[in-house]
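Residue strings, one per chain:
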Amino acid sequence: MEGRQSQAERYCQHTGTKDGETDEQHSPKSCPLVSLTHPSIFCSVPSIGSTFWSRFYKVLDRNVSSLLDSPFTVPAKVANRERCQSARKFGSLRENGRYIMKSTFVRDPFSRLFSAYVDKLLAPNPTFWTTWGIPAMLLEGGLEAKDVTCGHAVTFQQFVRLVNNRLHREDPHVISVVRTCHPCEISYDVIGKMETFSEDLRYLTSVLNVTFDPRLSLATESKVDAILDSVESPFEWREDITKCISTQEMGRRIWRKLQIRGIISTFHDYPLADEDLSTVSSTVFSKAALEAAIKSTDKDQLVLQKRQAFMEAYRTLSMDDIHVFSQLFADDFEAFGYDKRPAAVFDRNLTFVDTHAFDVNTPWATS
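If you're wondering where the values come from, they're calculated on a predicted model, not measured in any experiment.

A separate point is helix α3 (residues 109–122). Over its 14 residues, α3 runs 19 Å from end to end, which matches the ideal 20 Å to within 8%, given 1.5 Å per residue. Extensive coverage of α3 is indicated by the burial of 11 of its 14 residues. Listed as buried for α3 are Pro 109, Phe 110, Arg 112, Leu 113, Phe 114, Ser 115, Ala 116, Tyr 117, Val 118, Leu 121 and Leu 122. The N-terminus of α3 is capped by Asp 108, whose side-chain oxygen sits 3.0 Å from the backbone nitrogen of Phe 110.

The next subject is the pairing of strand β7 (residues 190–193). Side-chain alternation along β7 places Val 190 and Gly 192 on one buried face and Ile 191 and Lys 193 on a second face that is also buried. As defined by bridge partners, strand β6 (residues 101–106) adjoins β7 across 4 bridges and the pair is classed as parallel. Counterpart to Val 106 in the pairing with β7 is Lys 193.

Core analysis: the largest hydrophobic core is formed by 99 residues, its most contacted members being Phe 56, Phe 156 and Phe 159. In terms of residues, this core owes the most to one element, α3, which gives 8 residues.

Right, let's get into the confidence of the model for the protein. Mean pLDDT over the protein stands at 89; residues scoring 70 or higher make up 90%. Segment residues 22–28 is flagged for pLDDT under 50; beyond a separation of four residues in sequence, or across chains, it makes 11 contacts in the model. Predicted confidence is poor over residues 85–89, with pLDDT under 50, and the contacts of this stretch with residues over four places away or in other chains come to 20 contacts.

Our next topic: the state of the cysteines. What we call a disulfide is simply a covalent bond connecting the sulfur atoms of a pair of cysteines. Here the structure, examined in full by the defined rule, presents 3 disulfides. The disulfide bridge from Cys 12 ends at Cys 184, spanning 2.1 Å between sulfur atoms. Measuring the twist about the S-S bond at about -95 degrees, one finds the Cys 12-Cys 184 disulfide to be left-handed. Within this pair, whereas Cys 12 is found in helix α1 (residues 2–15), its partner Cys 184 is found in the loop between α6 (177–181) and β7, the two being separated by 172 residues in sequence. Judged by relative accessible area, which is 8%, Cys 12 ranks as buried. On the accessibility criterion, Cys 184 (16% relative accessible area) is buried. A disulfide bridge connects Cys 43 with Cys 181, and the sulfur atoms are separated by 2.0 Å. What sets the handedness of the Cys 43 and Cys 181 disulfide is the S-S torsion sign, and at about -90 degrees it is left-handed. Linking Cys 43 in strand β2 (residues 40–43) with Cys 181 in helix α6, this pair joins segments that are 138 residues apart in sequence. The same class applies to Cys 43 and to Cys 181, which are both buried.

Turning to the environment of Arg 161, a few remarks are in order. Structurally, the position occupied by Arg 161 is in helix α5 (residues 156–170). A sequence separation of 64 residues divides Arg 161 from Asp 225, and the C-alpha atoms of the two residues are 31 Å apart. When sequence neighbours within four positions are dropped, the list of residues in contact with Arg 161 reads Leu 139, Ser 318 and Asp 321.

Before going further, it helps to examine the layout of surface pockets. In this model, the second largest pocket occupies a volume close to 160 Å³. In terms of lining, the second largest pocket is formed by Gln 5, Ala 8, Glu 9, Cys 12, Pro 183, Cys 184, Glu 185, Ile 186, Ser 187, Tyr 188 and Ile 191. The dominant element in the lining of the second largest pocket, judged by the number of residues it contributes, is α1, at 4 residues. Split into classes, the residues belonging to the lining of the second largest pocket amount to 7 nonpolar, 2 polar and 2 charged.

The rules we used
- Residues numbered from 1 in each chain as written.
- Predicted model: local features only at pLDDT ≥ 70, side-chain atom pairs only at ≥ 80, totals over all residues.
- Heavy atoms only, no water.
- Helix = DSSP H or I, 4+ residues; strand = E, 2+ residues; numbered from the N terminus.
- Expected span 1.5 Å × (residues − 1).
- Buried < 20%, exposed > 50% of the residue type's maximum accessible area, 1.4 Å probe, protein only.
- Polar contact = N/O pair within 3.5 Å; in protein donor to acceptor, adjacent residues only side chain to side chain.
- Pairing = 2+ DSSP bridges.
- Core = buried A, V, L, I, M, F, W, Y, C linked by side-chain atoms within 4.5 Å.
- pLDDT = per-residue confidence, 0-100.
- Contact = heavy atoms within 4.5 Å.
- Disulfide = S-S within 2.5 Å.
- 1 Å grid on protein atoms, 1.4 Å probe; cavity = no way out; pocket = protein on both sides within 12 Å on 5 of 7 lines; lining within 4 Å.
- Points joined across faces, edges and corners; volume = space filled by probe spheres on them.
- Nonpolar A, V, L, I, M, F, W, Y, C, P; charged D, E, K, R; others polar.

Here's what the structure looks like:
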C-alpha cells in the first residue's frame, strides 16, 4: 500500500501536482461516500465496483460496532450516493478534531474500458444502447440518425472510438480516476486495486478497525448478486429491449456476459434456447444461471475465458485507436502504476484463439 502512495506522489511531483485537467468547470463532479460513524470518505468511481462501495458505506455508517453486516443486505437500487460533493473539498477534512481516513479503489484502464462495454452494451441495456451505442455507430459515418433507432449492434471498436472522441471528457463511467478523485490534492491513506480486491478490502477494513461477520462468504454473495443483477434488470426492461432484439437474444446476451465475466464456464451452454423467453420469468432464468455457476468449479478455466474475451476484443482495434486511448489515460497508468503497453493488448504475435465470445448466437469456441 505504501508503494501505491509513493507511486501517486511521484506522479504528482512529475506533473506539478496537476490532476489532469485542472479547470474546475471541466472537472467531473465526484461523489465521495462518507461515514460519520467510522470517520472516513471514499472516492467512488463508476465501473470500479461503485455499487459495492455504496452498499459498503451504508453498512459501515449504520454499524456502531466493529462487526459489519454484509454489504449485500443493501439492495442495489437503494445503494445511492448521498452527501454528494466534490472530492476536492475533503482534502484535509477533520470532524471534531478526529482525522478522516481517505480511500479509493482504482483499476487498469484497459480492463475498465472492456468492462464498461460488456456490462453496458453487450449486456441488454436500452439506456446505454441509446446514450452510447447510437452515437458510437453514427460517429463511424455512413449512417444517418434516422436510420439508427437502436444501438444494440455497436461493436467494441465503435465504442472505443466514441470514448476517444468525447466520452473520456464527459461520462463518469470512463473519465479517468485521476480527474475524478484528484490524488494530487487529496492524500489517500488507502489506494486499493480491483485486481487485488479481496486482499485490499481486508486491508481497508483493518484500517477502519472493522471486520465482517466471520459467518459471511462475501465471494459467494458477490457471485449470486452479480447473477441476479445481470438477470433481473433486463427482465424489467424487457419491453424496451424487445424493440431492438428478440427475447432469445436478450437471454443469450445475459448468459454470454456472465461467461465473459468468469462466473459461468464456457462449457455450460445457454440452456434456454428452446424456451419462449417472453413467458419465462427472471426467477426461472436466475435459477438456471445459478445452477450453472455452482457447477463452474474450474477456476483456471474461468480466468482463461475472461482473458480470451479480453484479448479478442482488443484484437478488433487498430493500433492507432489503442495508442490514442493509452495517451488519453496516461495519468491513470502513471499515477497508479499500471502497464501502458500490456502484451495482451499490444503484442499481436501472442497466441490468440478466436472464441466468438461476442457473437452471442454462436457457441463459445473452446479450442
